[in-house]
Structure formats: C-alpha cells, structure tokens
Amino acid sequence: MIVYHTSKIKVEKPDIQHSRSNLDFGRGCYVTKLRSQALKYADRFILRKQDAVLNAYELSDNWLNMNVKRFDQYDEEWLDFIIANRKGLPVAKFDIVEGGVANDKIFRTLELYFNGDISKSDALKKLCYEKINHQICFLSQYAIDLNLNFISSEDLQ
C-alpha cells in the first residue's frame, strides 16, 4: 500500500526525533493512505508561504504483525486516547496506531470538551456524525524502519 506524509522537506528516512509531542496518537511519524488528505494538509504550509512536500512510501505488510491499535470510529475510546495524548498523560503503548484524524472540524469539538465547555456525552454525540478520515502513526523508530520504504517526493508549490 502507498502512504503519504506531508512535510516542509523531502523525507527519505522518516524518524521520531522530528515529531512534536502531544499529538493525536502521540509522538511519532504520521502517514495516510489518502493522497487527498495529505494534499489538503499541505495547504497549511502553502498558506504560510512555506515549502510543502508530499512524500510517498511503500507500507510493508509487516506492520500488520506488530502491536497495532485501530480506531474504526470516533468513539469514547478514541476520544479518551486523543485527549490523554494531547494532555501528555500516560497511555497504553503500541508500535503503531491507526484511526481518524482530529482535523479542524473534529478539533473544534475536542477543544470544547478539553476546555470543559461541553460534556463527554455531548462531544460523542457531535463526533458520531463525522466521517472518519485516516492516519497511521508509527510510534517507534523500529516500526518506521521495518515498514516504510521511501518511493518519491513531490514539491507542491
């Protein structure tokens, strides 16, 4: 399967060190199988007059045999996992996490819940109507090295 990672630079050898803390699924390398989603993410860089590069990788089948956590919907388990990671709280350890992205629309609901403006129940009611998008987060360098093989990069300016 081909997966994509958008960055300001060409990334032939993805790593954990360049990831930010307190992201949806933790500090890791994020990719998506949805090219359109990766291109939309590039708009964040382009609107700031920054370089945007779409990196493509072959995802090996090895990842299916690792310690993978999958979220198939925006449910209470997903919400708790996202909030814990964003707060920097301890979470269960996985090699790889796959599930929906907290994009701008989803993030507004998370922010309301995070700030105590709406209850968990109200947040879940809002989230249940959202179409789930896609991300895979590799949480260890071992998982990256074993599973992602660089194919190409494309400047998007």
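Whatever comes next refers back to the structure up there.
Residues numbered from 1 in each chain as written. Predicted model: local features only at pLDDT ≥ 70, side-chain atom pairs only at ≥ 80, totals over all residues. Heavy atoms only, no water.

Novice: Residue-level account of the pairing of strand β6 (residues 135-138), with values.
Specialist: Residues Gln135 and Cys137 point to one face of β6 and Ile136 and Phe138 to the other, with burial holding for every one of them. In the sheet, strand β2 (residues 29-31) pairs with β6 via three bridges, with the strands oriented antiparallel. Looking at β6, one finds that tyrosine 30 is bridged to cysteine 137. As paired strands, strand β5 (residues 96-99) and β6 are joined by four bridges and run antiparallel to one another. Its bridge partner being in β6, glycine 99 is matched across the sheet by glutamine 135. (Buried < 20%, exposed > 50% of the residue type's maximum accessible area, 1.4 Å probe, protein only. Helix = DSSP H or I, 4+ residues; strand = E, 2+ residues; numbered from the N terminus. Pairing = 2+ DSSP bridges.)

Novice: Lay out the sheet that holds strand β4 (residues 68-70) in plain terms, naming residues and giving numbers.
Specialist: Pairing in this open sheet of four strands is mixed, and the strands run β2-β6-β5-β4 from one edge to the other. Edge positions in the open sheet fall to β2 and β4, since each of these has one partner strand only. Averaged over all adjacent pairs, the angle separating strand axes in this sheet is 15°, with direction ignored. (Axes fitted to C-alpha atoms, helices over the stretch in contact; angles between N-to-C directions.)

Novice: How would you summarise the side chain of threonine 109 if you had to cite specific residues and measurements?
Specialist: Mapped onto the secondary structure, threonine 109 falls in helix α3 (residues 104-114). Among the residues examined, threonine 109 registers a relative accessible area of 10% and is labelled buried. Excluding anything up to four places from it in sequence, threonine 109 contacts Ile118, Ala123, Lys126 and Leu127. (Contact = heavy atoms within 4.5 Å.)

Novice: Any details on the packing of α3 against helix α4 (residues 120-127)? Residues and values, ideally.
Specialist: Where α3 meets α4, the closest approach of the two axes is 9 Å, and the angle between their N-to-C directions is 175°. One element, α3, and the other, α4, form an angle in the roughly antiparallel class. Residues Ile106, Thr109 and Tyr113 of α3 lie in contact with α4, whose contacting residues are Lys120, Ala123, Lys126 and Leu127. Considering only residue class, the contact of α3 with α4 consists of four nonpolar, one polar and two charged. (Parallel < 35°, antiparallel > 145°, perpendicular 65-115°, else oblique. Nonpolar A, V, L, I, M, F, W, Y, C, P; charged D, E, K, R; others polar.)

Novice: I'd love a proper account of α4, names of residues and values included.
Specialist: Every α-helical turn comprises 3.6 residues, leaving residues that sit three or four positions apart pointing alike. Every buried residue of α4 is listed here: Ala123, Leu124 and Leu127. Within α4, the buried residues cover an arc of 95° as seen down the axis, which keeps them to one side. (Arc of directions from axis to C-beta.)

Novice: Could you give an account of the nonpolar core, naming the residues involved and the relevant values?
Specialist: Within the largest apolar cluster, 19 residues are counted, with the highest numbers of intra-cluster contacts made by Phe25, Phe71, Trp78, Leu79, Ile106, Leu110 and Leu127. The set of elements that each furnish at least two residues to this core consists of α2 (76-87), α3 and α4. It is α2 that provides the largest number of residues to this core, a total of five residues. When residues no more than four places from it in sequence are discounted, the contact partners of isoleucine 106 are Tyr74, Trp78, Val101, Leu127 and Glu130. (Core = buried A, V, L, I, M, F, W, Y, C linked by side-chain atoms within 4.5 Å.)

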